[in-house]
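Residue-level structural notes
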Amino acid sequence: MQEYRLFQYNNEGRTLHFSHLLRKSPYDQKKSHVHEKHYEIYFLLSGERNYFIQDRVLAAQKGDLVIVNKNELHHTADRGEPGHERLLINFTDEFIRLQEGEGPALLPFPNGSGVLKLSWDDQAVVKTLMFKMMEELKTEPVGYSLFVRSLLTELLLLICRWGDRKESDSDSRKPLHEKISQIARHIMKHYKEELSIAALSEQFFISPYYLCRMFKLLTGVGIVEYIQIARVKEAQRLLVETEEKIIAIAEAVGYDNLGHFNRIFKKIAFISPLQYRKKMRANK
């Protein structure tokens, strides 16, 4: 694979990641992923990509800005001719450190995750801000971290103002992408129920083989794992926000067997439900 990592930066606390990457051959992320603490800003300098966020397959083209809130499942894959160039920022609340009352709520992205369609002028503004950030991170002059934080805050404010430019669910979407998005939304809504590939295939008029293949290609996860992710995400919310016993939470998200629930939870979250509850409450 022809991949050129033109620049990459991680600060000491891992609260900021910046990278500039050029690929000249096909590239699909092997798996969807979630950033527990990091937001994502992705600016496409050239090429086309499919971006799956939570339960939507969206089209990103040259000059588009993709924003993803933390704790949201996402995945990127080829769309059209292979090859693309992009700038990527991942950052945490801690890095920005916006104080309450300083201005409009910029995080989480107030208009939700998605693809922003920008004018030529606004694309130039984004490019200027992000390349300024990159230059500061490359050369590390006095006060560079503060300057990068200032530039990122300016970009976040513009994103807040550009909220009405988000691509709608039907924009630039192929019929297959729309169908996969519908299936993903259905799973997110009905994850507590018994869901099978055969039943989904019949309900959405698509062959089981083609459904499994295209769902994995566009979302980065298989259907069974996507159902598991939906259930675990709800279980995580209940573990933090309620005092319910773990066995009751397991039943609430569709698992009758506590041992099975614990295994699935650990596979998705990498820790047990009890450890997750303790960890999240200790961080409050």
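Throughout, residues of each chain are indexed from 1 in the direction in which the sequence is written. Totals for whole chains, interfaces and linings use all residues, but because this is a predicted model, local features are given only for residues with pLDDT of at least 70 and pairs of side-chain atoms are given and counted only at 80 or more. Note that the side-chain values use all heavy atoms of the structure and ignore hydrogens as well as water.

Things to note about the sheet that holds strand 9 (residues 114-116)
Our working rule: By the convention used here, strands pair only if DSSP detects at least 2 bridges between them. In this text, helices come from DSSP runs of H or I with a minimum length of four residues, and strands from runs of E with a minimum of two, each type numbered from the N-terminal end. Only the stretch in contact is used when fitting a helix axis, every axis being a line fitted to C-alpha atoms; angles between N-to-C directions are given from 0 to 180 degrees. Here, two residues are considered to be in contact whenever any of their heavy atoms come within 4.5 Å of each other.
With antiparallel pairing, six strands are arranged side by side in an open sheet as 1-2-8-3-6-9. Sheet topology places strand 1 (3-10) and strand 9 at the edges, where each strand pairs with a single neighbour. In this sheet, adjacent strand axes meet at a mean angle of 15° when their direction is disregarded. Strand direction decides the pairing type here: strand 3 (residues 39-46) and strand 8 (residues 84-91), joined by seven bridges, are antiparallel. Counted as the bridge partner of E40 is N90 from strand 8. Running over the sheet, helix 2 (residues 120-139) touches strand 1, strand 2 (16-23), strand 3, strand 6 (65-68) and strand 8 and is turned about 110° from strand 2.

A few points about helix 3 (residues 144-161)
Heads up, the condition is: By this rule the span expected of a helix is its residue count minus one, scaled by 1.5 Å. Burial classes: relative accessible area under 20% of the type maximum marks a residue as buried, over 50% as exposed, and values in between as partly exposed (1.4 Å probe, protein chains only).
Taking 1.5 Å per residue as the helical rise, helix 3 with its 18 residues ought to reach 26 Å, and the 26 Å between its terminal C-alpha atoms agrees with that figure. Of all the positions in helix 3, only Y144, V148, R149, L151, L152, L155, L156, L158 and I159 are classed as buried.

Here's the deal with the packing of helix 7 (residues 223-241) against helix 9 (residues 258-269)
In helix packing, the relevant descriptors are the interaxial angle and the interaxial distance, both defined with respect to the helix axes. Going by this rule: Any angle that is under 35 degrees is reported as roughly parallel, and any over 145 degrees as roughly antiparallel; angles of 65 to 115 degrees are reported as roughly perpendicular and all others as oblique. Here the term charged refers only to Asp, Glu, Lys and Arg, the term nonpolar to Ala, Val, Leu, Ile, Met, Phe, Trp, Tyr, Cys and Pro, and the term polar to all other amino acids, Gly among them.
Two elements in contact, helix 7 and helix 9, have axes separated by 9 Å at closest approach and are oriented at 95°. As summarised for this structure, helix 7 and helix 9 are arranged roughly perpendicular, according to the angle between their axes. From helix 7, E225, Q228, I229, V232, A235, Q236 and L239 reach across to helix 9, where they touch F261, I264, F265, K267, I268 and A269. When the residues that make up the contact of helix 7 with helix 9 are grouped by side-chain class, the tally is nine nonpolar, two polar and two charged.

Digging into the packing of aromatic side chains
Threshold: Aromatic contacts are taken between Phe, Tyr and Trp rings whose centres are within 6.5 Å, Trp giving its six-membered ring; a plane angle under 30 degrees counts as stacked, one over 60 as edge-to-face, and the others as tilted. Sitting over a ring, as applied to charges here, requires NZ of Lys or CZ of Arg to be within 6 Å of the ring centre and within 35 degrees of the ring normal.
Applying the stated rule across the entire model yields nine aromatic pairs. When the ring of Y42 is compared with that of Y51, the centres are 5.1 Å apart and the planes differ by 75°; the resulting orientation is edge-to-face. The same class applies to Y42 and to Y51, which are both buried. Grouping aromatic residues by their ring pairs yields a cluster made of Y255, F261, F265 and Y276. Over the ring of F95 we find R149; its NZ or CZ atom is 4.8 Å from the centre of that ring. The ring of Y255 carries the charged tip of R231 above its face, separated from the ring centre by 5.0 Å.

Shape is all these values report; function is a separate question.
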